[in-house]
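Given next are the chains, with one letter for each unit.
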Amino acid sequence: MTKALNENAPCTRDKVQALNEAKKMVDLIETSEADITDAERHWIAESTYQNFADHINKGFLEYRKSVTETEDFALTDWEGQGSILKDVMGREYIDMLGGFGLYAPGIRHPKIVAAAKAQLDRSPQYSQEMLDPLRAHLAKVIAKLTPGDIQYGFFANSGTEAVDGAMKLAKLYTGKSGFISTLKGFHGKSLGALSLLGKAVYRKPLLPLLEGVRQVPFGDADAIEQVLINAKEVGDDIAGVVVEPIQGEAGAIEPPDDYWPRLREICDKYEVLLIADEVQTGFGRTGEIFGVDNWGVTPDIMCFGKALGGGVIAMSGFFSTAKIWKCMEPNPFMHTTTTGGNPVACAAALAQITVLLEEDLAGQAKAKGIYIKEKVNALQKVYPKILKGIRGRGLLLGMEFPNDEIGYKVASGLFSRGVLTAGTLTNAETIRIEPALNIPYELIDTMLERLEDTFKSMS
Ligand code: PLP
């Protein structure tokens, strides 16, 4: 059984065992689904559990309800298509989490997989010396997709790298060093991005971080202006204001409608750069192609990640205007990465953008978000003691519960009914609804039925 951990498995150097373990897994990866035996499936589930405990982090096993509340063999990620996830034992789940925004076009979208596979067969990485056509072309496509005169970009692997790059660009361009970000804001966990983060739990044990970062309440443009006034008065320099269009990790928090237009005005007035962290909101998630499109604002720098690689491969980037990017020209090696923007990632990103536009993923997100909110609001009237409400835009939604405990019960109730959701990073007071933007209405209805059933059983 998965729960019976072998507590003190020692790990010493053993090349033969390393080879055998690696070979066994490669063989399984290359075995077709139909040919994997039940015994092998049990072995995968059990050894995954044990290896998480011995080599990744036992803490995850405590935390993950997919592990702690699975009666028989921990839920082990294995297969997926569209909005359906299957574990290695063949159990099916409706994916309402979408990998925290990763799976905007669904899992394994055929067009995106096909492009990545074709590129894999041509050249998986670039030489590091010759010019890579895919990166160049993808940058042009993104320049055409982004608002205003955003034109130049750099590709990396993770959202946090995109934010770090944006911070470096802002410092280089302005010659200033400080940043303003928001309370409860999330920008990733590298030391640079972490400095912006708005939660003590992740920052405090690692202090000191970057100097000169101030966090202010999200949605309060006056608070940002006040910090800029104060900074000027005491001679502190602020390079940029880094904000999510809609806060994601904080639980789908929308700002007031005049927030982004006011941020634009304030940043212009005090000559600081406006940096939109679109890692979670970009590429259709909020019902517009980019989160800032909800308010018709053009930031100075935009950060992308998650959905950029189409849910197929890690991909991120930060983009800016020609005027700002000029400061990167004298030494283009000021910011580099060996693997960021590799050809397979670029192929996936190019295909992702064709899917975004051809399937109108943003339009789908808008309509489906409204649909889910209406239905969940109706449920809230029947179960006001369980559900406080639902908020967010497009398919970046958060259901709010009176407390963490009730939220956890709902998430595990949904889980036991075959629906995958999750709380925010630290608690379940808000449960995310962040599915693929092309999730079929039938699956949304099934999820809603299971949600009602969960509420019924709890009341
Ligand atoms: N920025 C935002 C708005 C995010 O939501 C996230 C991740 O959730 C990040 C940055 C960090 O991205 P990654 O986890 O790929 O480093």
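Brief notes about the packing of helix 1 (residues 15–30) against helix 2 (residues 38–56)
(1) Moving on: It is at 12 Å that the axes of helix 1 and helix 2 come closest, and there the two elements cross at 125 degrees. Judged by the angle between their axes, helix 1 and helix 2 are oblique. For the element pair helix 1 and helix 2, the recorded crossing hand is left-handed. Facing Lys-24, Met-25 and Leu-28 of helix 1, the residues of helix 2 in contact are Glu-40, Trp-43 and Ile-44.
(2) Moving on: Across the contact of helix 1 with helix 2, the residue classes tally to four nonpolar, no polar and two charged.

Remarks on the nonpolar core
(1) Moving on: Counting 84 residues, the largest nonpolar core has Ile-224, Trp-260, Phe-283, Met-399 and Phe-455 as the members making the most contacts within it.
(2) Moving on: Looking at which element gives the most residues to this core, the answer is helix 14 (residues 343–358), with ten residues.

Digging into the sheet that holds strand 7 (residues 238–243)
Note on sheets: strands pair through backbone hydrogen bonds, and any given pair is parallel or antiparallel.
(1) Moving on: The sheet built from seven strands is open, its strands ordered 4-10-9-8-7-5-6 with mixed pairing. Strands with a single pairing partner mark the edges of an open sheet, and in this sheet they are strand 4 (150–156) and strand 6 (213–216). The sheet shows a mean angle of 20 degrees between the axes of neighbouring strands, direction not considered.
(2) Moving on: Here strand 5 (residues 178–182) pairs with strand 6 via four bridges, running parallel. Among the inter-strand pairings, Phe-179 is bridged to a residue of strand 6, identified as Val-213.
(3) Moving on: Helix 7 (residues 133–145) contacts strand 4, strand 9 (301–304) and strand 10 (316–321) of the sheet and is inclined by roughly 135 degrees relative to strand 4.
(4) Moving on: Across the sheet, helix 11 (residues 221–234) lies against strand 5, strand 6 and strand 7, angled at about 150 degrees from strand 6, the strand it touches most.

Definitions and limits used
- Residues numbered from 1 in each chain as written.
- Predicted model: local features only at pLDDT ≥ 70, side-chain atom pairs only at ≥ 80, totals over all residues.
- Heavy atoms only, no water.
- Axes fitted to C-alpha atoms, helices over the stretch in contact; angles between N-to-C directions.
- Helix = DSSP H or I, 4+ residues; strand = E, 2+ residues; numbered from the N terminus.
- Parallel < 35°, antiparallel > 145°, perpendicular 65-115°, else oblique.
- Left-handed = near helix turned anticlockwise from the far one by under 90°.
- Contact = heavy atoms within 4.5 Å.
- Nonpolar A, V, L, I, M, F, W, Y, C, P; charged D, E, K, R; others polar.
- Core = buried A, V, L, I, M, F, W, Y, C linked by side-chain atoms within 4.5 Å.
- Buried < 20%, exposed > 50% of the residue type's maximum accessible area, 1.4 Å probe, protein only.
- Pairing = 2+ DSSP bridges.

The values reported here are purely geometric and, on their own, carry no functional implication.
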